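Topology and contacts: notes
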Amino acid sequence: MKVAVIGPGAMGCLYAAKIARGGIDTVLVDHRSDRAARLTAKGIRIEAPEGEYTTEIKAVSSVPANVDLAIVLVKSGSTSSLSLN
């Protein structure tokens, strides 16, 4: 299964990191390619009651065509501009 989490805000990063940490092929989609590159290079750092950890993540600037599930976690005003081909 391949999952795309759309939106690199707090919820998008949290969900992408948790899903990827669970062993599911996950990609985080950010419309800003510079930020996507930074997320790919540095990963997502999570602070949780059980401790801190960093999860490696692949971030891209558009939704890949071959995803099985797309989770949209953007601000409501941005949903009309999404392109899910």
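Not measured: the values here are computed from a predicted model. (Residues numbered from 1 in each chain as written. Predicted model: local features only at pLDDT ≥ 70, side-chain atom pairs only at ≥ 80, totals over all residues. Heavy atoms only, no water.)

Points about the overall build of the protein
- Within the protein one finds two helices and six strands.
- Secondary structure of the protein in N-to-C order comes out as β-α-β-α-β-β-β-β.
- When burial is assessed residue by residue, the protein has 33% of its 85 residues classed as buried.
- Counting contacts in the protein only where the partners sit at least 6 residues apart, residues at least 24 apart contribute 56% of the total.
- For the protein, the exposed surface amounts to about 5,400 Å²; the carbon and sulfur share of it is 51%. (Helix = DSSP H or I, 4+ residues; strand = E, 2+ residues; numbered from the N terminus. Buried < 20%, exposed > 50% of the residue type's maximum accessible area, 1.4 Å probe, protein only. Contact = heavy atoms within 4.5 Å. Areas by Shrake-Rupley, 256 points an atom, 1.4 Å probe, with all protein chains shown as cover.)

Things to note about the pairing of strand 3 (residues 44-48)
- Residues Ile44, Ile46 and Ala48 of strand 3 are buried on one face, while the alternating residues Arg45 and Glu47, pointing to the opposite face, are not.
- By the bridge criterion, five bridges tie strand 3 to strand 4 (residues 51-55) in an arrangement that is antiparallel. Along strand 4, the bridge assignment pairs alanine 48 with glycine 51. (Pairing = 2+ DSSP bridges.)

Such coordinate-based values are descriptive only and should not be taken to indicate function.
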